Amino acid sequence: MKIWPECIACILKMAIGTARAVLKDEERIKRFTEEIFKIKHLNGRSWDITSPEIIKEVWSKLIEFVGSPDPMREIKDEQTNRALAVYIKARDTIIKGEEPFLGALQMAIKGNSIDAMTNVRGEVPEELFKNGFSVGLNPEGVDLLKRRLEKTHRLVYLGDNCGEIIFDRLFMEVLLERYPLEITFITRTIPIMNDATFQDACFAGIGQVAQIVENGIQEPIPGTYLKKVNKETKSLIERADLILSKGGGNYDSLTEEEGLKGRVSFLFVAKCDPYCRIHQVPLMAPVIYHF
């Protein structure tokens with residue numbers, strides 16, 4: 001998905017919010033803000049670009065100011081630890097429920113609320129477990145996902161944020177009890193925002209349910225571009241029977257990949273006006289979109 005005018009405001013909000021969280025110095029925050037306004041895509045000069053590509057430029061500047069390749073390391077660890085603290089209770093509740101598949105799917109999508117784009121620290125995992133969506137999952141979308149999974153042996157699961165991946169783990173556990181799957185979980189290679197890296201996925205216990213692989217992209221970019229991933233990852237994606245893609249960054253990048261049509265199911269929360277307009281849902285509603 002190419003950027004909309006609303007994307008510019010969203011990226012700026014994320015950039016300044018993150019700068020406040022990690023720079024903690026008003027003069028440095030002002031200088032950083034001056035620098036990002038030099039990016040032409042944030043001045044409305046070019047629209048033929050996706051949000052993750054612009055965020056890469058913003059994040060590269062933030063890294064220069066912070067002096068660390070992973071400015072949100074502390075926040076990411078906090079998100080993962082808080083999600084792990086509710087994992088056992090969430091798992092027990094879902095496994096003992098009437099529809100474990102539906103419950104686990106809902107938690108996996110709700111986990112996408114732990115996102116630096118809308119809130120630097122994201123929604124608190126404890127609240128995710130307590131609060132349901134004001135709008136339920138689309139029954140037709142759920143049914144089609146089940147039909148796709150029934151025909152799937154090789155599943156690629158594209159992860160997104162720290163904290164969120166704990167609930168992805170729970171969903172994959174339920175999937176393995178129901179379907180004969182070989183699951184590969186793909187993370188970012190270079191730290192970007194609060195997105196999960198190989199290290200984060202290992203700490204979250206993803207290795208207990210899936211093979212963990214980095215995407216191989218050697219840039220801080222919160223998306224998945226086939227022209228940028230390494231050969232191993234590209235082969236895994238091309239050979240997959242089904243790709244479950246989490247989050248807005250993966251959505252924005254992979255909806256540009258026409259060759260993947262028919263094999264991708266996107267799971268995310270509609271956290272912005274463009275997503276709401278495209279999928280005809282209210283703000284913060286769950287989205288299952290079969291590409």
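As shown above, the structure is provided for reference.
Residues numbered from 1 in each chain as written. Predicted model: local features only at pLDDT ≥ 70, side-chain atom pairs only at ≥ 80, totals over all residues. Heavy atoms only, no water.

Caption draft 1: Main features of the packing of aromatic side chains. Overall, the coordinates contain eleven aromatic pairs when judged by the stated rule. Here F266 and F291 contribute two aromatic rings whose centre-to-centre distance is 6.0 Å and whose plane-to-plane angle is 70°, an arrangement assigned as edge-to-face. Remark: F291 occurs in the segment after β6 (286–290) and F266 occurs in strand β5 (residues 264–269); sequence separation between them is 25 residues. Counting every residue linked through ring pairs, the aromatic cluster contains Y251, F266, F268, Y275, Y289 and F291. Here R169 stacks its cationic end above the ring of Y87, 4.4 Å away from the centre of that ring. Above the face of the F101 ring, R178 is positioned so that its terminal group lies 5.0 Å from the ring centre. (Phe/Tyr/Trp six-rings, centres within 6.5 Å; stacked < 30°, edge-to-face > 60°. Helix = DSSP H or I, 4+ residues; strand = E, 2+ residues; numbered from the N terminus. Lys NZ or Arg CZ within 6 Å of the ring centre and 35° of its normal.)

Caption draft 2: Here's a closer look at the sheet that holds strand β1 (residues 154–158). Taken together, six strands build an open sheet; the order of strands is β3-β2-β1-β4-β5-β6 and the sheet is mixed. Where the open sheet ends on each side, the last strands, each with one partner, are β3 (211–214) and β6. Here the average twist between neighbouring strands, direction ignored, is 20°. Pairing geometry for β1 and strand β4 (residues 242–246), over four bridges, is parallel. From the neighbouring strand, V156 faces β4, where its bridge partner is I243. With respect to the sheet, helix α7 (residues 139–150) is in contact with β4, β5 and β6, its orientation differing from that of β6 by roughly 50°. Where helix α8 (residues 164–178) meets the sheet, it contacts β1, β2 (182–187), β4 and β5, and its direction lies at approximately 170° from that of β2. (Pairing = 2+ DSSP bridges. Axes fitted to C-alpha atoms, helices over the stretch in contact; angles between N-to-C directions. Contact = heavy atoms within 4.5 Å.)

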